[in-house]
Amino acid sequence: MVEIDGKQLRVALIGASCIGKTCIIKRFAENTFHGSQYVPTPGVEFLSRRLTIKPIGTVTLIILDVAGAALTSKMIDIYFHGIDIFLLTYDMTNATSLQELRRWMEILAKNGVDKSEASIALVGSKGDLEHLRTVRLDNHSRFAQEFNIPLSFLVSAKSGESVLTCFSKCAIYHLNPEAKQRVKEHAVLQSTNASKKATTPAQNHPQAMTNPLPTRSQPAPDPNSTVCSVQ
Ligand SMILES: Nc1nc2c(ncn2[C@@H]2O[C@H](COP(=O)(O)OP(=O)(O)OP(=O)(O)O)[C@@H](O)[C@H]2O)c(=O)[nH]1
Ligand SMILES: [Mg+2]
């Protein structure tokens, strides 16, 4: 069993502006949601929370809230130094925000972020706005497959749905060397087998250990829920 007591993990949320990164972090770290007005994050902010993962112990997550506007910042390599887990976040009501993650993936690659060292998750935000969804589940899955991203979540900072699960599962995954080894092997399989479709059985693929993106009944529209994502 992995010994985790006292460990610290550095987690960064990255993605376009106004997709709900700060709200997800505040929901996780403070269990609050102040969604009525949008205040862009200036540069980078930090919050932390200690997580108890039964039965293996406690781990402290130091969470970097990276402003969407930091995409072009010259400081980005400093921000990304030593990050254990990247949560690549997009707004499921805004298809452009998923495409913008391509630019963030380029930045990760440029900064030498190694997918077998750092763990990467694809996170769809604003899951309570199912009625406004423009990113379908298959778009999400295709993106995750294209970049060999092993973890997938759909969360809502507003309702709190899956926020704790997302951070906990990412931490557990990152602390499990076997899971990361499987990603490494899968990446090799993909690159040596580029002409064929990946044939790894679903139960062996790391994606199988993630929570399925849930479908849910449609909540009533909430006109006050967001300033900038409901266009
Ligand atoms: N309905 C709904 N709205 C949300 C949710 N999360 C965030 N929002 C809205 O989206 C707006 C932007 O959220 P932020 O968390 O500030 O966005 P950000 O990604 O941190 O933006 P930058 O700091 O500019 O990078 C907020 O004002 C909220 O109204 C959610 O889960 N559901
Ligand atoms: Mg922010």
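Residues numbered from 1 in each chain as written. Chains lettered and ligands numbered in written order. Predicted model: local features only at pLDDT ≥ 70, side-chain atom pairs only at ≥ 80, totals over all residues.

- Turning to the protein chain, the UniProt record has this under Sequence similarities (unreviewed entry): "Belongs to the small GTPase superfamily. Rab family." (UniProt positions renumbered as here; feature names shortened; annotations may be inferred.)

1. A look at the pairing of strand 3 (residues 57-66)
So, point 1. In this sheet, strand 3 lies alongside strand 1 (residues 7-14) in parallel orientation, the contact comprising seven bridges. Paired with Ala12 across the two strands is Leu64, which belongs to strand 3.
So, point 2. Note: strand 2 (residues 44-53) against strand 3, 10 bridges, orientation antiparallel. Looking across to strand 3, one finds that Arg49 is bridged to Leu61. (Pairing = 2+ DSSP bridges. Helix = DSSP H or I, 4+ residues; strand = E, 2+ residues; numbered from the N terminus.)

2. Concerning the nonpolar core
So, point 1. Among the nonpolar cores identified, the biggest contains 46 residues, and Ala12, Phe86, Leu88 and Ala121 are the most heavily contacted of them.
So, point 2. Of all the secondary structure elements, the ones that give two or more residues to this core are strand 1, helix 1 (21-30), strand 3, strand 4 (85-91), helix 3 (95-110), strand 5 (119-125), strand 6 (151-154) and helix 5 (163-174). (Core = buried A, V, L, I, M, F, W, Y, C linked by C-beta atoms within 7 Å. Buried ≥ 20, exposed ≤ 12 C-beta atoms within 10 Å, placed from the backbone.)

3. So, helix 3
So, point 1. In this model, helix 3 (16 residues) spans 24 Å end to end at C-alpha, consistent with the 22 Å of a helix rising 1.5 Å per residue.
So, point 2. Turning to helix 3, its buried residues number three or more, namely Ser97, Leu98, Glu100, Leu101, Trp104 and Leu108. The buried residues of helix 3 occupy one face: seen down the axis, they fall within an arc of 150°. Facing away from the buried side of helix 3, by more than 90 degrees, are the exposed residues Thr96, Arg102, Glu106, Ala109 and Lys110.
So, point 3. Against the buried residues of helix 3 lie strand 1, strand 4 and helix 4 (137-146). (Expected span 1.5 Å × (residues − 1). Arc of directions from axis to C-beta. Contact = placed C-beta atoms within 7 Å.)

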